[in-house]
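Report on the structure
So the chains spell out like this:
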Amino acid sequence: MNKRVQAVAGLGLVTALAVTGCSNKADNSSSGGGKSGSLKTDIGVTDKEITLGVLTDLSGAFKEGGLGQTHGNELWAADVNKAGGICGRQIKLDTQDMGYKADNAVPMYATMKTKDLGMLQLLGSPILAALKQSVISDKMVSVPGSWASTNLDAPEIMMIGQTYDVEMINLLSWAKSKGMINDGDKVGHVYIDSEYGQNGLLGSKAYAKEHNMQVIPVPIGGTDTDMTATVTKLKSDGVKAILMTTAPAATASIAVQAKGQGLDVPLLGNNPTFAPAQLQNDSVVQAFSKFYVSTSINSFSSQDAQVQKILKEYKDKGYTETPYDAVLFGYTYGMAWEQVLKQACSDGDMTRDGVLKAKEKVDNVDTKDLTGPLDFSKPGAPSSRKAFITQPDKAGISGTKIVEKLYESDEAKKYKAPFEK
């Protein structure tokens, strides 16, 4: 098990605060957004620091995404601290590597909750599933690296961007607008039979119901990689597109098999279906010619000012990993937390209760086009319904290129998520 505690502010080790209801005098800088007077605090906030937890994967199956999101977290914290911090306090990150194993995550979280105000990153559906009830009982506002709308029943879950069902609805609508699919078509949906895959399937079924389409669901295991029989069956079924809520290895197999079997149809995937490492195989690159991904995050191939700023900071920092769009996700997590913390400071209450109440007041986080504007004020609703439609691009800085920026379909606008009120 690899554990590390990272002090982004460079002020030493994380200090655990177990005293509830202590009061510190608020030092309100221009970046703090606060007012004069006392600031209520409990865990993770001193008169100099705000400590946020990062429970991620730096060594396991999703290492690429975990490293990217964590580097984005670090760059955000460095920018905030350079500008004077929040509420007169520097941001400190308590970073732990659980190796994408729930058995590791549970005891790590048990320690982190004694010293961290909330979770800047909580990576992965199985990790969130293992910790969700603890997060709720601890009132630990947490940003999950997982986007199933079925987790929006808990206000403590601060999900950034589209959920998997909304991703799929936007992608299908966009594909129809481009003439790739039509009303009445039969489509196959290959999905991991888990919270992730089932939520993507919820979206395809919702879209299909409105457009008289038939969805052929094909559940697979999370570690399944040979899609030969799956593609053979979908070809015999006469599908006009293959939808995917899969892991990257299965995605690549589907693409290669479809090309090899002469099934020349669009391949439409949720955000986690793609990883840049797939582009190391030329046969996969060729098979991806009709592969499109719906994601909430911008691409490093973009010339947008905020993207280029982060890319420069990433290079200046000297990270050894190739820039991956997950870095932009990690930075955006910080931008959302920043607005919540400023609201809590303004309210004079940076306890966990106060932060939770502050989150529910935040309704327009401007991420400078890293994502669509974020709204956390509507219980059970996705914080954004805007998608970037991307394609894999071997020549791209992060292996992607944008083909449609911040697309929001009529179907996504009116879609009601499972716990939306």
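Above this text sits the structure in question.
First things first, this report covers the structure right here in the doc.

Let's shift gears to the pairing of strand β4 (residues 90–97). Judged by how many residues are buried, β4 sits mostly within the fold: 7 of 8 residues are covered. Tracing the backbone out of strand β3 (residues 49–56), into helix α1 (residues 63–82) and back to the parallel element β4 gives a crossover that is right-handed.

Scanning the entire structure with this criterion turns up 20 salt bridges. Between K394 and D282 there is a salt bridge whose closest N-O contact spans 2.9 Å. With K394 in the loop between β13 (387–392) and β14 (400–407) and D282 in helix α8 (residues 282–287), the pair connects residues that are 112 residues apart, well separated along the chain. Here E420 ties to R385 by a salt bridge, and the two come within 2.9 Å at their closest N and O atoms. Of this pair, E420 sits in the segment after α12 (410–414) while R385 sits in the loop between α11 (352–359) and β13, and the two are 35 residues apart along the sequence. Side by side, E420 and R385 carry an identical accessibility label, which is buried. One network of salt bridges, with partners in common, ties together D79, K309 and E313.

Turning next to unusual backbone geometry. With a phi close to 55°, Y100 is a non-glycine residue in the positive phi region. Structurally, Y100 is set in the loop between β4 and α2 (102–112). If you check the backbone angles, K368 has positive phi at about 55° while not being a glycine.

Calculation rules
Residues numbered from 1 in each chain as written. Predicted model: local features only at pLDDT ≥ 70, side-chain atom pairs only at ≥ 80, totals over all residues. Heavy atoms only, no water. Buried < 20%, exposed > 50% of the residue type's maximum accessible area, 1.4 Å probe, protein only. Helix = DSSP H or I, 4+ residues; strand = E, 2+ residues; numbered from the N terminus. Right-handed = clockwise from strand over helix to strand, strands pointing away. Salt bridge = Lys/Arg side-chain N within 4 Å of Asp/Glu carboxyl O.

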